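Take a look at the letters that make up each chain.
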Amino acid sequence: MKQESGFLEKLFDIAIYAILIGLVIVTLYPLLYVLFASVSNAGELIAYKGILWKPLGFSMEAYRSVMKNPGIVAGYKNTLFIVVAGVTLNLFMTALGAYVLSRKNVMWNKVFMFMIVFTMFFHGGLIPLYLIVKNVGLLDSLWATIIPFAMSTFNLIIMRTSFMGIPEGLEESAKIDGANHFTILFRIVLPLSMPVIAVMILYYAVDKWNGWFYASVFIKSRELFPLQLVLREILISNSTDSMSIGASAGERHQIGETIKYATIVVATLPVLCIYPFVQRYFVKGVMVGSLKG
């Protein structure tokens, strides 16, 4: 029986490893395909059919064309502004809201929490939001993608639950020493919640970086387009001719394909570079914010 049990355990482990390896391949291959295609020779890539395991030749022409595109450069600047300003505002507002809602002596705490959670399931919709943004003068500005989305209810709940796990004795000791609520929040609560803060930065930053829909609704000036909106225009509208000036029609079609892949790499690379630095906080922060309280 022991030998049979040991054999079944080994068989189970092999099956688990095989499934995990399959998931890694399925997840990783699209990224590798885009990377290989972006540095491949345009003519060979167009003619090639099948699975791409390595670059077809080697050419950086697509990246040179992408970096010469003024829309990409402006899109990067606009997106960086949205990410920096948006994440700063998001963290500030989320931390304030989570701190208030995590205090046990706040009047109507449960009522406020119910009203906040209610917005996760029911909201006014896009048209009322558009009218509000227009009436307050934010239309056709980068702030239209930042201020109306200053807080995420889901992230607020995670941070509130994390704050509730901090011992009350620390707060009481700080009050005895004359600390006010802002001092307690910024000098005690937040430093003790760095894993959750790192997760919030990741959540908010990725959301801001990948956002394009509300930018397409609120922003009409091309010089204010964020990077993802420029990328969407290139991929869907096939507008790569401006990046392949001087080439013939056939060459523009060929290099246009590699330009699309190069643009995807340029738009995705910053997130892939930042993620490893916050990954070690990710699981801990999510578990702390979801299990305590």
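For the structure itself, look to the data block above.
Small disclaimer: the values here were computed from a predicted structure and weren't measured.

Any details on the overall build of the protein? Residues and values, ideally.
Of regular secondary structure, the protein possesses 13 helices and zero strands. The order of helices and strands in the protein, counted from the N terminus, is α-α-α-α-α-α-α-α-α-α-α-α-α. The buried share of the protein, taken over its 293 residues, is 35%. Contacts in the protein between residues at least 24 apart in sequence constitute 73% of all its contacts with a sequence separation of at least 6. Total accessible area computed for the protein in this model is approximately 17,900 Å², and 69% of it derives from carbon and sulfur atoms.

Break down the packing of helix 4 (residues 70-102) against helix 7 (residues 153-164) for me, with residues and values.
Helix 7 packs onto helix 4 with a crossing angle of 50° between their chain directions and a minimal axis gap of 8 Å. On the basis of the axis angle, helix 4 is oblique to helix 7. Relative to helix 7, helix 4 is oriented so that their crossing is right-handed. On the side of helix 4, the interface is formed by Thr94, Ala95, Gly97, Ala98, Tyr99, Leu101 and Ser102, while helix 7 contributes Asn155, Leu156, Met159, Arg160, Phe163 and Met164. Of the residues that constitute the contact of helix 4 with helix 7, the class distribution is eight nonpolar, four polar and one charged.

Summarise helix 7; cite the residues concerned and give the values.
Residues spaced three or four apart along an α-helix face the same direction, because each turn holds 3.6 residues. An ideal rise of 1.5 Å per residue puts 16 Å on 12 residues; helix 7 measures up with 16 Å between its terminal C-alpha atoms. Buried residues dominate helix 7, accounting for nine of its 12 residues. All buried positions along helix 7 are accounted for by Thr153, Asn155, Leu156, Ile158, Met159, Arg160, Thr161, Ser162 and Phe163.

Reading guide: rules and limits
- Residues numbered from 1 in each chain as written.
- Predicted model: local features only at pLDDT ≥ 70, side-chain atom pairs only at ≥ 80, totals over all residues.
- Heavy atoms only, no water.
- Helix = DSSP H or I, 4+ residues; strand = E, 2+ residues; numbered from the N terminus.
- Buried < 20%, exposed > 50% of the residue type's maximum accessible area, 1.4 Å probe, protein only.
- Contact = heavy atoms within 4.5 Å.
- Areas by Shrake-Rupley, 256 points an atom, 1.4 Å probe, with all protein chains shown as cover.
- Axes fitted to C-alpha atoms, helices over the stretch in contact; angles between N-to-C directions.
- Parallel < 35°, antiparallel > 145°, perpendicular 65-115°, else oblique.
- Left-handed = near helix turned anticlockwise from the far one by under 90°.
- Nonpolar A, V, L, I, M, F, W, Y, C, P; charged D, E, K, R; others polar.
- Expected span 1.5 Å × (residues − 1).

Spatial relationships are all this shows, so hold off on functional conclusions.
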